[in-house]
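What the coordinates show
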Amino acid sequence: MKMGMNKKSDYEHYRVETEKPLLEWLLENLKGMSRSKIKATLKGKGIKVDGRIVTQFDYPLTPGMKISVSLNKQNDLFKSRYVKLVYEDRYLVVVEKTEGILSMAAGKQTPNVKSILDGYFLLSRQKCRAHVVHRLDRDTSGLLIYAKDMQTEQILEHEWHDIVYDRRYVAVLSGEMEEDEGTVTGYLKDNKSFITYSSPTDNGGKFAVTHFRTLARTTEHSLVEFKLETGRKNQIRVHAADLGHPVCGDIKYGNGDDPVHRLCLHAYLLCFYHPVTHERMEFETPIPPSFRRLF
């Protein structure tokens, strides 16, 4: 039963009416919060039972107990113009990065997601470091996972293809796509200038498979969803160029078409089995408004 909000402390208060474990009760009663947000709030010490902070998922509740749920963001200590903290638990974090920032350091004084996370862990007194699991290009925005310890990082690295069951990007491509959906394959290999080239036959590179679906189109541009079967360097950008419709704003593989003054590629969907708890984790970010405005 909901009791209301204490404006002074920014908590919402509830009265327990049935005997249940805490997490089960929260999932049933906090209708406006996602499962991931509820678990993050619980782990982030945002739940009180009879005035005492509780983080134990199976903490036994009995009728008459009072539950207080913090309305403050669990990540108040996390402040960055480049990175949004989407989810956090004791093993990993999921973040959304903007375009223009590296996933990890590539030289001194370079802003990167890993250093921002390490600074947040230090500020929040967490004895951990951010371990890079996968990367996005500097000018690609979207969702990334970072492990908080080496063991979790190793599980994610070695079992990546079993753990990640859906990973999708959305891109604005130059020109009007002819096909509604399809698949691009080829062997991708870098030359000495670090330009990735595609070949339909084995060129000594890595085989890559990209599925695509056209979401919207005009005579000038197409909004296309890409689903990766393999995760090769510059895979979407090269395969989009192979289709004859390069990613807009792509200096390396594009044709000069730059309608929103950025690389129009965004990692918007990331679904995986938690490497430790094995729970299904599903995250989705909105398609950037600058992409949508073109359609």
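Data block above holds the structure.
Residues numbered from 1 in each chain as written. Predicted model: local features only at pLDDT ≥ 70, side-chain atom pairs only at ≥ 80, totals over all residues. Heavy atoms only, no water.

A few points about the overall build of the protein chain
Definition in use: Per the convention used, a helix needs a DSSP run of H or I reaching at least four residues, while a strand needs a run of E reaching at least two, with both numbered from the N terminus. Only protein chains enter the area calculation, which uses a 1.4 Å probe; residues under 20% of their type maximum are buried, those over 50% are exposed, and those in between are partly exposed. Note on definitions: a residue-residue contact is assigned when non-hydrogen atoms from the two residues lie within 4.5 Å.
In terms of helices and strands, the protein chain carries 7 helices and 18 strands. Each of the three principal axes of the protein chain carries a C-alpha extent, and together these read 70 × 40 × 35 Å. The 295 residues of the protein chain split such that 46% are buried. Long-range contacts, defined here as pairs at least 24 residues apart, represent 60% of the contacts in the protein chain between residues at least 6 apart.

Focus on the pattern of salt bridges
Quick reminder of the rule: By definition here, a salt bridge exists when the distance from a side-chain nitrogen of Lys or Arg to a carboxyl oxygen of Asp or Glu is within 4 Å.
One pass over the full model with this rule turns up 16 salt bridges. E279 is paired through a salt bridge with K39; the nearest N and O atoms lie 2.1 Å apart. Taken together, the positions of E279 in the loop between strand 17 (265-273) and strand 18 (280-284) and K39 in helix 2 (residues 35-43) put the pair 240 residues apart, joining distant regions of the chain. Side by side, E279 and K39 carry an identical accessibility label, which is buried. D180 is the salt-bridge partner of R217, the closest N and O atoms lying 3.0 Å from each other. With a gap of 37 residues between them, R217 in strand 15 (residues 206-217) and D180 in the loop between strand 12 (164-174) and strand 13 (181-190) connect regions that are remote in the sequence. Among the residues examined, D180 registers a relative accessible area of 51% and is labelled exposed.

Side note on the packing of helix 1 (residues 22-29) against helix 2
To keep it simple, the criterion reads: Helix axes use the C-alpha atoms of the stretch in contact, all axes being lines fitted to C-alpha atoms, and the angles between their N-to-C directions lie in the range 0 to 180 degrees. Any angle from 65 to 115 degrees is called roughly perpendicular, while one under 35 is roughly parallel, one over 145 is roughly antiparallel, and all others are oblique. Whether a crossing is left-handed or right-handed is set by the direction in which the near helix is turned from the far one by less than a right angle, anticlockwise for left-handed and clockwise for right-handed. Any residue outside Ala, Val, Leu, Ile, Met, Phe, Trp, Tyr, Cys, Pro, Asp, Glu, Lys and Arg is labelled polar, Gly included; the first ten of those are nonpolar and the last four are charged.
Two elements in contact, helix 1 and helix 2, have axes whose closest approach is 10 Å; the angle formed by their N-to-C orientations is 135 degrees. Classified by the angle between their axes, helix 1 and helix 2 sit oblique to one another. The two elements helix 1 and helix 2 cross, and the hand of that crossing is right-handed. Facing helix 1, whose interface residues are L22, L23, L26 and L27, helix 2 presents R35, I38, K39 and L42. Class assignment of the residues belonging to the contact of helix 1 with helix 2 gives a composition of 6 nonpolar, no polar and 2 charged.

Side note on the environment of F272
As for its position among the elements, F272 is in strand 17. Separated by 36 residues in sequence, F272 and I236 place their C-alpha atoms 20 Å apart. Residues contacting F272, with those up to four places away along its chain left out, are L92, V94, I145, I163, V164, Y165, E279, R280, M281 and F283.

Section: the nonpolar core
Filter applied, for reference: Residues enter a nonpolar core if they are buried and are Ala, Val, Leu, Ile, Met, Phe, Trp, Tyr or Cys, with the set joined through side-chain atoms within 4.5 Å.
Within the largest apolar cluster, 42 residues are counted, with the highest numbers of intra-cluster contacts made by V95, L117, Y146, Y169, L173, F226 and V247. Breaking this core down by element, the ones donating at least two residues are strand 8 (83-88), strand 9 (92-97), helix 3 (113-123), strand 11 (141-147), strand 12, strand 16 (221-228), helix 6 (235-242) and strand 17. Filtering out sequence-adjacent residues up to four positions away, V95 remains in contact with V83, K84, L85, V86, V113, L117, G142, L143, L144 and Y146. Among the nonpolar cores identified, the runner-up in size contains 17 residues, and L22, I47, V49 and Y59 belong to it.

Quick word on the packing of aromatic side chains
The following threshold applies: Aromatic rings from Phe, Tyr and Trp, with only the six-membered ring used for Trp, were paired whenever their centres fell within 6.5 Å, and each pair was classed as stacked if the ring planes differed by under 30 degrees, edge-to-face if by over 60, and tilted otherwise.
What the rule picks out here adds up to 7 aromatic pairs. When the centroid spacing of 5.1 Å and the interplanar angle of 80 degrees are considered together, the rings of F78 and Y120 count as edge-to-face. Taken together, the residues span a long stretch of sequence, with F78 in the loop between strand 7 (66-70) and strand 8 and Y120 in helix 3 at a distance of 42 residues. Relative accessible area serves as the criterion here: at 9%, F78 is assigned to the buried category. Residue Y120 is classed as buried on the basis of its relative accessible area of 6%. Three or more aromatic residues joined by ring pairs form one cluster here, namely F78, Y120 and F121.

Let's talk about the side chain of S174
The condition that has to hold: As used in this structure description, the phrase polar contact means that two N or O atoms lie within 3.5 Å; if the pair is within protein, one of them must be able to donate a hydrogen and the other to accept it, and residues adjacent in sequence are counted only when both atoms belong to side chains.
One can find S174 in strand 12. On the basis of relative accessible area, S174 is assigned to the buried category, the value being 9%. In terms of polar contacts, S174 uses its side chain to reach the side chain of D257, at 2.9 Å. If we skip the residues at most four places from it in the chain, S174 touches E220, H221, H245, P246, C248, N255 and D257.

Notes on helix 2
Those residues of helix 2 not exposed but buried are S36, I38, K39, A40, T41 and L42. In this structure, the buried residues of helix 2 make contact with helix 1, strand 4 (47-49), strand 7, strand 8 and strand 18. The positive-phi residue at the C-terminal boundary of helix 2 is K45, with phi of around 65 degrees.

Considerations on unusual backbone geometry
Its identity is not glycine, yet R125 carries a phi of approximately 60 degrees, on the positive side. Turning to its location among the elements, R125 is positioned in the loop between helix 3 and strand 10 (131-132). The phi dihedral of H278 is positive, around 65 degrees, even though this residue is not glycine. Mapped onto the elements of the fold, H278 is located in the loop between strand 17 and strand 18.

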